[in-house]
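Structural characterization, general
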Amino acid sequence: MDRRHAMKLIALGAATLPLAPQRVFALAGAAAAPAAAPAAAPPAPSGPFTLPALGYAFDALEPHFDAQTMQIHHDKHHAAYVNNLNKAVAGRAEVAGWTIEQLLRDLGKVPEDIRTAVRNHGGGHHNHSLFWTSLKKGGPAAPTGTFAEALAKTFGSVEGFQSKFDAAAAAVFGSGWAWLAADSTGALKVLSTPNQDSPLTQGLAPLLGLDVWEHAYYLKFQNRRAEYVTAFHSVVDWDVVAERHAAATKG
Ligand code: MN3
């Protein structure tokens, strides 16, 4: 081995050493997370809110959504919202025992000094919890039953809904979400919200949301948000969306 080659190997070794423990941790997390109970999820400070388990493997939605993004998005981003929400409400009797839905629906009644934190981190917790449970590879390609009728009545067709939803996702400037939501009569609406704002705060029931923060798609799609939105339509679990609509309509 010549000297130049040897120096190159030393440099490579030095560069990869600090990464090694992280890789081991990431692989261990990937193997453990799908079967883990919420209590075994990534360490969280004590508090009323916990990071829900993803419920499926990080690679379950491949090739549409990549495993690395799913892992970082769930284990790091969502976990941070939960941790920061717990910090915001710690020791606050005014909101003790409130569910995440109550906090977002009655945001105006949350003490002013923690309202922005609850809006951002509580919204982040609830939005992501909805997001993971809206996704399934190989689910129904389109809605069926009474929900399909409601969708067709409002948007003309599934394609009509998709084009309106995609336009909402494309139009989000900066970070935010595109939504299909229902009012208390069950009437459907496509909207977008900035940051982590929840449709609950507008008196709407969120049925299906798409995270269009760059952290949700940049590793795989870089700046190609439209491709990410198209991939999303391949992994929507329409049965779950229909169940949410039925629950919203009942009140
Ligand atoms: Mn996100």
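The protein has the name Superoxide dismutase in an unreviewed UniProt entry, where Eiseniibacteriota bacterium is given as its organism. What UniProt states about the protein under its Catalytic activity (unreviewed entry) heading is, verbatim, "2 superoxide + 2 H(+) = H2O2 + O2".

We now examine the coordination of the manganese ion. Protein-derived ligands of the manganese ion are His73 (NE2), His128 (NE2), Asp211 (OD) and His215 (NE2), with the metal-ligand distances lying across 1.9 to 2.1 Å. Between consecutive donors of the manganese ion, the numbers of intervening residues give the motif H-x54-H-x82-D-x3-H. Here histidine 73 is found in helix H3 (residues 67–89), whereas its partner histidine 128 is found in helix H5 (residues 112–132), with 55 residues between them in sequence. Accessibility assignment for this pair places histidine 73 and histidine 128 in one class, buried.

What follows deals with the nonpolar core. Judged by nonpolar contacts, the single largest core of 46 residues is most densely connected at Phe65, Leu180 and Tyr228. Examining the composition of this core, we find that 6 residues originate from one element, strand S1 (residues 176–182), more than from any other. Counting 16 residues, the second-largest nonpolar core is a separate cluster that includes Phe49, Leu85, Ile114 and Val118.

Now for the pairing of strand S3 (residues 205–211). Counting buried residues in S3 gives 6 out of 7 residues, a clear majority hidden from the surface. As paired strands, S1 and S3 are joined by 6 bridges and run antiparallel to one another. Its bridge partner being in S3, alanine 182 is matched across the sheet by alanine 205.

Definitions and cut-offs
- Residues numbered from 1 in each chain as written.
- Predicted model: local features only at pLDDT ≥ 70, side-chain atom pairs only at ≥ 80, totals over all residues.
- Heavy atoms only, no water.
- UniProt positions renumbered as here; feature names shortened; annotations may be inferred.
- Donors = N, O, S within 2.8 Å, 3.2 Å for Na, K, Ca; no water.
- Helix = DSSP H or I, 4+ residues; strand = E, 2+ residues; numbered from the N terminus.
- Buried < 20%, exposed > 50% of the residue type's maximum accessible area, 1.4 Å probe, protein only.
- Core = buried A, V, L, I, M, F, W, Y, C linked by side-chain atoms within 4.5 Å.
- Pairing = 2+ DSSP bridges.

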